[in-house]
Amino acid sequence: MPGPRLSRSRLVAASAVVAATAVVAVTTTAGAFGPNEQAQRAVKGGKAKNVILLIGDGMGDSEITLARDYTVGAAGRLNMDKFPLTGAYTTYAVHADGTPDYVTDSAASGTGWATGVKTVNGRISKTPGSNKAVPTILELAQKGGYATGSVTTAELTDATPAVLAAHAADRSCQGPADMAKCPTDTIAKGGPGSIAEQSVDHKVDVLLGGGKQRFDQKVTDGRYKGLTVTEQARKLGYQVVTDDRSLKAVKGDKPVLGLFAPGNVPTEWTGKAAAVGGTDPQRCVTSNPNRPAGTPNLADQTTKAIQLLEAKQKRKHSQKGFFLQVEGASIDKQDHAADPCGQIGETAAFDRAVKVARAYAAKHPDTLVVTTADHGHSSQIVPLEAQPPGLSSTLITDEGQQLKVNYSTNPPGQSQEHTGTQVRIAAQGPQAYRVLGVTDQTELFTTLREALRLR
Ligand code: MG
Ligand code: ZN
């Protein structure tokens, strides 16, 4: 797919952004460059040394607004609100025949930006009809000499991280014991194996997240038969870390696999789930008794991942930088569970990772930083007098006001659903102008590829 050129309409839109930011004198956390200079530099295009792609899973405009209202107030601004260039993108999936499927899941949407190709829901970086593997942005970056990393609060084998370094007929094929829906992907059938096996086979330099249970499964065929995937990873040179202390201590002379929970990393915040007829007004609890001490947070993992990737390239005396994806996964998972406090706490944790990325880019302006979502989700802010037929909850925000949130995409007791809305995409750095206007998720692939000059 040819990359979009800097069209006249985009130039006009970009100039408008520059003009709009020029009249506002804003102090910025982005260091040497104010928003005006950031926008001008971003519009110029150019080549990026590094790319940091931050994905809030299920983080539609509603989810962003909820986290903003609750934590910094309606008039406040999150870190993710401070990018100089912002656009919207469409997220739909396709059916096997190529016709649109208006509501995507995380597998199809991730495949969109990872490969530039739309696919069917559930598919991991393979085509919709013919089920053929498509090269991913991470594979191209590796080939181009960049260091690569992936950080998530989900299992490392979950759809959003999986799309970078695996190709599977179905997202459920996470470990060697989970291959029921991927008969042709098994090693016995000459395929690449489960998502866990493929991720370590790819020798991604830094893999941090949950999903230890998948890596504890035994490989059933081939060279590593009888070993767990973790043992396979060690044979491939990985150092394995399991908590904050060992993560902090690890040096980057070998690839790093961090497995910080058996499944998803437990949420940072807790509270009452939404209920039929609403909840009493509640304050969220900013801790979780089920989150073990020593579980690293997403911002610290992001900081460490950047350090490790940078150190690797320095050791190699490479002029090339790195590609890093960071996922706040449980915004989506708590939205499915209609748990507003869990959801907002994960959005706030993700926003702190955005702050880490922007602080790095402030010192390294040749870094493209993109923050976006893979799809919209259920939660909606409704008036206090609204009487939603399904699940709702009233929160008392940090600024002391009541806020009502409604989850009504499915009957109570069922998982709430993704929505088909367009979502925000915001960026700074080389090629960031490409996010302006209304684009499609697959165009993000082109943006990343052009920024790193990958072919
Ligand atoms: Mg995800
Ligand atoms: Zn979901």
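In what follows, the structure referred to is the one given above.
Residues numbered from 1 in each chain as written. Chains lettered and ligands numbered in written order. Predicted model: local features only at pLDDT ≥ 70, side-chain atom pairs only at ≥ 80, totals over all residues. Heavy atoms only, no water.

A.B. asks: With reference to specific residues and values, describe the coordination of the magnesium ion (ligand 1).
C.D. replies: Bound to the magnesium ion (ligand 1) are the protein donor atoms Asp 57 (OD), Thr 160 (OG1) and Glu 327 (OE), situated 1.9 to 2.2 Å from the metal. Of note, the donors binding the magnesium ion (ligand 1) are all from one chain and are spaced D-x102-T-x166-E. Separated by 167 residues along the polypeptide, Thr 160 in helix H6 (residues 159-165) and Glu 327 in strand S10 (residues 322-328) bring together distant segments of the chain. Like Glu 327, Thr 160 is buried. (Donors = N, O, S within 2.8 Å, 3.2 Å for Na, K, Ca; no water. Helix = DSSP H or I, 4+ residues; strand = E, 2+ residues; numbered from the N terminus. Buried < 20%, exposed > 50% of the residue type's maximum accessible area, 1.4 Å probe, protein only.)

A.B. asks: Lay out the sheet that holds strand S9 (residues 275-276) in plain terms, naming residues and giving numbers.
C.D. replies: Two modes of strand pairing occur in sheets, parallel and antiparallel, and in both the strands are linked by backbone hydrogen bonds. Strand order in the open sheet formed by four strands is S9-S13-S14-S12, with antiparallel pairing between adjacent strands. The strands lining the two open edges of the sheet, one partner per strand, are S9 and strand S12 (380-382). Relative to strand S13 (residues 391-396), S9 is paired through two bridges, and the arrangement is antiparallel. In the strand pairing of S13, Val 276 is matched with Leu 391. Strands in contact with helix H3 (residues 61-71) are S12, S13 and strand S14 (402-407); relative to S12, the strand with the most contacts, it is inclined by about 60 degrees. Running at roughly 60 degrees to S13, helix H13 (residues 340-363) makes contact with S13 and S14 of the sheet. (Pairing = 2+ DSSP bridges. Contact = heavy atoms within 4.5 Å. Axes fitted to C-alpha atoms, helices over the stretch in contact; angles between N-to-C directions.)

A.B. asks: Report on the nonpolar core, specifying residues and quantitative values.
C.D. replies: Of all hydrophobic cores here, the largest spans 107 residues; its most connected members are Leu 54, Ile 124, Val 200, Leu 257, Phe 323, Leu 324 and Leu 368. Of all the elements, H13 adds the most residues to this core, at eight residues. Setting aside its immediate chain neighbours within four residues, Leu 324 contacts Val 51, Ile 52, Leu 53, Gly 149, Ser 150, Val 151, Thr 302, Ala 305, Ile 306 and Leu 309. (Core = buried A, V, L, I, M, F, W, Y, C linked by side-chain atoms within 4.5 Å.)

A.B. asks: How would you sum up the state of the cysteines? Please name residues and give values.
C.D. replies: Simply put, disulfide is the name for a covalent bond between the sulfur atoms of two cysteines. Across all of its chains, the model carries two disulfides by this definition. Disulfide partner of Cys 173: Cys 182, at an S-S distance of 1.9 Å. Here Cys 173 and Cys 182 share a disulfide; its torsion about the S-S bond, 95 degrees, makes the bridge right-handed. Take Cys 173: its relative accessible area is 1%, and that puts it in the buried class. In this structure Cys 182 comes out as buried when scored by relative accessible area, which is 0%. The disulfide partner of Cys 284 is Cys 341, and the S-S distance across this bridge is 2.1 Å. For the disulfide bridge between Cys 284 and Cys 341, the dihedral angle about the S-S bond is near -80 degrees, and by the sign convention the bridge is left-handed. (Disulfide = S-S within 2.5 Å.)

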